[in-house]
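Here are the chains, one letter per residue:
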Amino acid sequence: MNRIKYVILLALTLVSANLLYAQSSGRKTNFDFDWKFKLGDYPDAQQQNFDDSGWRSLSVPHDWSIEGNFDAKHPMGNDGGYLPAGIGWYRKTFTVEPSQKDKKLSLYFEGVYMNAEVFVNGTSLGIRPYGYSSFYYDVTPYIKIGQKNTVAVRVDNSQQKNCRWYSGSGIYRHVWLISTNPVHVAPWGVAITTPQAEKKEATVSIKVNLQNETAGAQKVQVAVRLYDKNNKLVGKTQTVSDIAASTKQQTEFSVAVKSPNLWSPDTPNLYRAVVQVLNGTTVIDEVAIPFGIKKAEYSAEKVFVLNGHPTLINGGCVHHDNGPLGAAAYDRAEFKKVELLKEAGFNAIRTSHNPPSEAFLQACDELGLMVIDESFDGWREKKNTYDYSLYIDKWWQEDIRALVERDRNHPSIIMWSIGNEIIERKSLDALQTAFKFANLVRKIDPSRPVTSAMTTWDKEWEIFDPLFALHDIGGYNYQMHKAASDHERVPSRIIVQTESYPREAFKNWTAVNDNPYIIGDFVWTAMDYLGESGIGRYYYEGDPKGEHWERDLFPWHGAYCGDVDLIGWRKPISHYRSMLYNDSEKLYLAVKEPNGYYGEIKETLWSVWPTWKSWNWPGHEGKSIDVEVYSKYPSVRLYQDGKLVDEKPTTRNEEFKAVFSIPYQSGQLKAVGVVNGKEVENTVLKSAGQSSQIKLTADRTVLKANGQDLSYITVTLTDAEGNIQPNAENDLTFEINGAGTIVGTANANLKDTDSYVSAKRKAWKGQALVIVKTTQYKGDIELTVTSPTIKTAKVTLSSK
């Protein structure tokens, strides 16, 4: 791949989160429901006749760690958010109908953390150590047709520590039972790219990997049809394929699409490819895959160009957890996460530091969010005692294949990352490992560049030039200050900052905006997350000092470095960062917490100064307080209680920001954007009275009765006029009736050790969150929220 410049012409597919492929009826069956579970180790639990009648009934996705209580003594410690780990067993009894007797049957697990040993009718099919990889098992030889069968899964997350962030424990993603004809499309067996992708025409290349699991040669027809979003046929082709016995064979197609609608974050257009395998006129297998067409160009001369448009990458790093849901990857939770990221102004994310769920990538495809898809946190030298370094020599090829083959068809993915801040980065071993990893990725998917995230904590940096040379794009963690001298030394190097400090938003935007060889920045992090406890915190004099890695900081159990907090509220830094890259918002008003109001404020490396959308500072009357206004207008005016305080410029020279120091007095602030002396936009911040009302806001009120749909309900404490009371910390109690259950409650205070599955919780900064999940029954769901001295609030949802 040309290190100076290369063009990637892609037609990338969207793999559904609910269906590995959108299949004809009967090919794939959801296997999420009617499991039995028990925490602990039970040596005979793999046996079909094992008595699990006393076990808990549940469905997956399931994370048992998030259901536990916080305890400073739990072995996951600060890295895992002080939640429990251990060993757990899952069992499921099912019947395969006689109609399936000539089929090939397999079980597909999207993700089990970790060391998952799968048994079918007492026979072990193997152990998969890496908890973030998806995997298949052929179960055909072990299934009893027309009789009861039992699948058992032993999940071992007892060896701690094995991860530097909250991993969760259990079968936390979907499970599927797949039934195919003995001649069929192989698992992850379709790859779609485009050698040409222009506005007038795209050439769609489809490679289909066929599998013949019979003892004789087979001659089949393979047909491909392409459809647009209106289900209009836009291209088709077919061929005859001869497949030898017990082999796989790749068949290639090329189809022209006239005037294609290209995929981008702003226009996430999707098509659909239907691949059929036919024996005569009988369809014996079929997969239907939505896909998108895009053209991506990477160079050190003209930034990142998407579909002919120069594009600044405004990225954020995210971990895989879903806040109060833990690691459980419900489809709606993954879509909600992407919605929040889009609303926060990001156009890209990095899946630090592991493969994400299929549902997350589906959401990125459909909603428009570019992705760096990352494989591992480390390689052979350990970061934790029981991490992936124990398994890498045996499993790296399987796990890279699982990542790239599963995900290669997503239009959202713009790069592959093969590692993060590897410990052995100065050694020859690192060069050898990077060479093997990168080449395997390119062999599977030659259409995208390979990167990994590099850093240094000492003065040595140029020593990594040979390692960078094995990548297509150089990933810099906190090393943007090295970019200019690196460009002089290696002018062909394309640079992306794969991690950055939140407070350096303007400096990093400037670097990306002004230097074509720097194609983007990914802040650490886009969202708050569980584990890595205390990173991003600010603290007060008298609290434990220092950074999160220096000591345990319990009761801190999560990371506060995100632009978006744990319950989805955008911090002021989120609005500021978005304004740098976007014109969708141009004015925001916030107030810096006065130093000494709660104590003398101390910052840490990943923190920003505590700043709030609040004009409630009782006891501070008459004392100076800083009001910040972020603006894309030439200047802003600040009014206090109707009187003009001042007008200040907010151009690039002022970093699009103005600070007004004024004496605090409860009342009203108004910031106004000014163009040529004319006031064109304003935003208001009012002091709130005492909490007297509970406001419930559901993100969705009509849900699917599928046992997994979710509604996120924000609980806001307001005064009589409906203004949020930003200092409210009222006790809240939640009760639900009807066709739903409460699966998570939270506030954004990462020092609150109430369980995330508790029906009681305090508000923090005037807000809390309740997550409601549907059952498999239709009907209304009524959530009631009560608090002492405040009127009860209710909201009704409909499950259909």
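Summary of the structure given here. (Residues numbered from 1 in each chain as written. Predicted model: local features only at pLDDT ≥ 70, side-chain atom pairs only at ≥ 80, totals over all residues. Heavy atoms only, no water.)

1. A word on the overall build of the chain
1) Next: When helices and strands are counted, the chain shows 8 helices and 50 strands.
2) Next: For the chain, whose C-alpha radius of gyration is 27 Å, the value lies close to the compact-globule estimate of 28 Å for 800 residues.
3) Next: Per-residue burial for the chain yields a buried fraction of 62% across its 800 residues.
4) Next: Long-range contacts, defined as pairs at least 24 residues apart, comprise 72% of the intrachain contacts of the chain with a sequence gap of at least 6.
5) Next: When the accessible area of the chain is evaluated, it comes to approximately 29,600 Å², of which 48% is carbon and sulfur surface.
6) Next: Across the chain, the mean location of the 91 positive side-chain charges is 4 Å away from that of the 95 negative side-chain charges. (Helix = DSSP H or I, 4+ residues; strand = E, 2+ residues; numbered from the N terminus. Rg over C-alpha atoms; globule rule 2.2 N^0.38 Å. Buried < 20%, exposed > 50% of the residue type's maximum accessible area, 1.4 Å probe, protein only. Contact = heavy atoms within 4.5 Å. Areas by Shrake-Rupley, 256 points an atom, 1.4 Å probe, with all protein chains shown as cover. Lys, Arg positive; Asp, Glu negative; His and termini not counted. Charge placed at Lys NZ, Arg CZ, Asp CG, Glu CD.)

2. So, the pairing of strand β22 (residues 313–318)
1) Next: Within β22, 6 of the 6 residues are buried, leaving the element largely enclosed by the surrounding structure.
2) Next: Burial along β22 is two-sided: the residues I313, G315 and C317 and N314, G316 and V318 are all buried.
3) Next: When β22 meets strand β29 (residues 518–523), the two strands line up parallel, connected through 4 bridges. From the neighbouring strand, N314 faces β29, where its bridge partner is D521.
4) Next: Between β22 and its parallel partner strand β23 (residues 348–351), the chain crosses via helix α1 (residues 331–343), and the hand of that crossover is right-handed. (Pairing = 2+ DSSP bridges. Right-handed = clockwise from strand over helix to strand, strands pointing away.)

3. As for the sheet that holds strand β10 (residues 135–138)
1) Next: Pairing within the open sheet is antiparallel, and its 4 strands lie in the order β3-β12-β7-β10. With one partner strand each, in any of the chains shown, β3 (28–30) and β10 form the two edges of the open sheet. Across the sheet, the mean angle separating the axes of adjacent strands is 25° when strand polarity is ignored.
2) Next: Pairing geometry for strand β7 (residues 104–109) and strand β12 (residues 175–180), over 6 bridges, is antiparallel. The residue of β12 that forms the bridge with F109 is V175. (Axes fitted to C-alpha atoms, helices over the stretch in contact; angles between N-to-C directions.)

4. Comments concerning unusual backbone geometry
1) Next: Geometrically, the link from Y113 to M114 is a cis peptide bond, its omega value of -15° lying close to zero.
2) Next: Mapped onto the elements of the fold, M114 is located in the loop between β7 and β8 (116–120).
3) Next: With an omega of 0°, the peptide bond between W524 and T525 qualifies as cis.
4) Next: Locating T525 in the fold gives a position in the loop between β29 and β30 (529–530).
5) Next: Positive phi is not limited to glycine here, since Y82 has a value of about 60°.
6) Next: Locating Y82 in the fold gives a position in the loop between β5 (56–58) and β6 (86–95).
7) Next: Classification of Y82 by relative accessible area gives buried; the value is 0%.
8) Next: Despite not being glycine, N115 shows a phi value in the positive range, around 45°.

5. Structural notes on the pairing of β8
1) Next: Counting buried positions along β8 gives 5 out of 5 residues, so the element sits mostly inside the fold.
2) Next: Where burial is concerned, the two faces of β8 agree: the one with A116, V118 and V120 and the one with E117 and F119 are both buried.
3) Next: Looking at chain direction, β8 and strand β9 (residues 123–128) are connected through 5 bridges and run antiparallel. Bridge pairing links V120 to T123 in β9.
4) Next: Remark: 2 residues form the turn of the hairpin made by β8 and β9, two consecutive strands paired antiparallel; N121 in that turn has positive phi of roughly 50°.
5) Next: Taken together, the 5 bridges between β8 and strand β11 (residues 148–157) define a ladder with antiparallel strand orientation. Within the sheet, the bridge partner assigned to E117 lies in β11 and is R154.

6. Quick notes on the pattern of salt bridges
1) Next: Under the defined criterion, the tally for this structure stands at 46 salt bridges.
2) Next: Notably, a salt bridge pairs E201 with K258, separated by 2.5 Å at the nearest N-O pair. In this pair, E201 sits in strand β14 (residues 201–212) while K258 sits in strand β17 (residues 247–258), placing the two residues 57 residues apart along the sequence.
3) Next: Given the relative accessible area of 60%, K258 is considered exposed.
4) Next: A salt bridge links E600 to K602; its shortest N-O distance comes to 3.1 Å.
5) Next: The partly exposed category is assigned to K602, whose relative accessible area is 25%. (Salt bridge = Lys/Arg side-chain N within 4 Å of Asp/Glu carboxyl O.)

7. So, the side chain of R91
1) Next: Residue placement: R91 occurs in strand β6.
2) Next: Only 2.8 Å separates the side chain of R91 from the backbone oxygen of Q47, close enough to count as a polar contact.
3) Next: Reaching out from R91, the side chain makes a polar contact with the backbone oxygen of F50 at a distance of 3.3 Å. (Polar contact = N/O pair within 3.5 Å; in protein donor to acceptor, adjacent residues only side chain to side chain.)

8. Looking at the nonpolar core
Most often, soluble globular proteins have nonpolar side chains that are buried together.
1) Next: Of all hydrophobic cores here, the largest spans 100 residues; its most connected members are F304, L341, W379 and I519.
2) Next: In terms of residues, this core owes the most to one element, helix α4 (residues 428–444), which gives 7 residues.
3) Next: Other than its neighbours up to four places away in sequence, F304 contacts A296, E297, Y298, H309, P310, T311, I313, M370, I414 and I519.
4) Next: Counting residues in each nonpolar core, the second largest holds 48 residues, with L530, I567, I662 and V743 among its members. (Core = buried A, V, L, I, M, F, W, Y, C linked by side-chain atoms within 4.5 Å.)

9. Considerations on the sheet that holds β9
Picture the strands of a sheet paired through backbone hydrogen bonds; they go either parallel or antiparallel.
1) Next: Read across the sheet, 6 strands follow the order β5-β4-β6-β11-β8-β9 without closing on themselves; strand pairing throughout is antiparallel. Edge positions in the sheet fall to β5 and β9, since each has one partner strand and no second. The average angle at which neighbouring strand axes cross in this sheet is 25°, direction not considered.

10. A closer look at the packing of aromatic side chains
1) Next: Evaluation of the coordinates by the stated rule reveals 51 aromatic pairs.
2) Next: Both rings, one in F506 and one in F656, keep their centres 6.3 Å apart while their planes meet at 65°; by these two values the pair is edge-to-face. One end of the pair, F506, is in helix α7 (residues 505–514); the other, F656, is in the loop between β38 (643–649) and β39 (657–663), with 150 residues separating them in the sequence.
3) Next: On the basis of relative accessibility, which here comes to 13%, the residue F656 falls in the buried class.
4) Next: An aromatic cluster of at least three residues, connected via ring pairs, comprises Y538, Y540, W556, Y560, W569, Y597, Y598, W612, W617 and W764.
5) Next: The ring centre of W176 lies 4.3 Å from the NZ or CZ of K28, which sits over that ring. (Phe/Tyr/Trp six-rings, centres within 6.5 Å; stacked < 30°, edge-to-face > 60°. Lys NZ or Arg CZ within 6 Å of the ring centre and 35° of its normal.)

11. A closer look at the packing of α1 against helix α2 (residues 358–367)
1) Next: At a closest axis distance of 8 Å, the pairing of α1 and α2 adopts a crossing angle of 45°. The pairing of α1 with α2 is recorded here as oblique in orientation. Two packed elements cross with a definite hand, and for α1 against α2 that hand is right-handed. Between α1, through D331, E334, F335, K337, V338, E339, L341 and K342, and α2, the contact on the second element is made entirely by A359, F360, Q362, A363, C364, E366 and L367.
2) Next: Classifying every residue of the contact of α1 with α2 gives 8 nonpolar, 1 polar and 6 charged. (Parallel < 35°, antiparallel > 145°, perpendicular 65-115°, else oblique. Left-handed = near helix turned anticlockwise from the far one by under 90°. Nonpolar A, V, L, I, M, F, W, Y, C, P; charged D, E, K, R; others polar.)

12. Looking at the packing of α7 against helix α8 (residues 572–581)
Axis angle and axis distance: for two packed helices, these are the angle between their axes and the distance between the axes, and together they describe the pair.
1) Next: Between α7 and α8, the least distance of the axes is 10 Å, while the angle of their chain directions is 15°. It follows from the interaxial angle that α7 and α8 lie roughly parallel. By crossing handedness, the relation of α7 to α8 is classed as right-handed. In this structure, α7 uses A505, F506, N508, W509 and V512 to contact α8, whose residues at the interface are I573, Y576, R577, L580 and Y581.
2) Next: When its residues are assigned to classes, the contact of α7 with α8 shows 8 nonpolar, 1 polar and 1 charged.

13. Section: α4
1) Next: Look at α4: 25 Å from first C-alpha to last across 17 residues, which is about the 24 Å you get at 1.5 Å a residue.
2) Next: Those residues of α4 that fall on the buried side of the exposure criterion are A430, T433, A434, F437, A438, L440, V441, R442 and I444. (Expected span 1.5 Å × (residues − 1).)

14. Considering the environment of M527
1) Next: Here M527 is to be found in the loop between β29 and β30.
2) Next: Residue class for M527 comes out buried when judged on its relative accessible area of 12%.
3) Next: Along the backbone, M527 and G146 are 381 residues apart, and their C-alpha atoms lie at a distance of 48 Å.
4) Next: Not counting chain neighbours up to four residues away, the residues in contact with M527 comprise C317, V318, K337, L340, L341, G562, D563 and V564.

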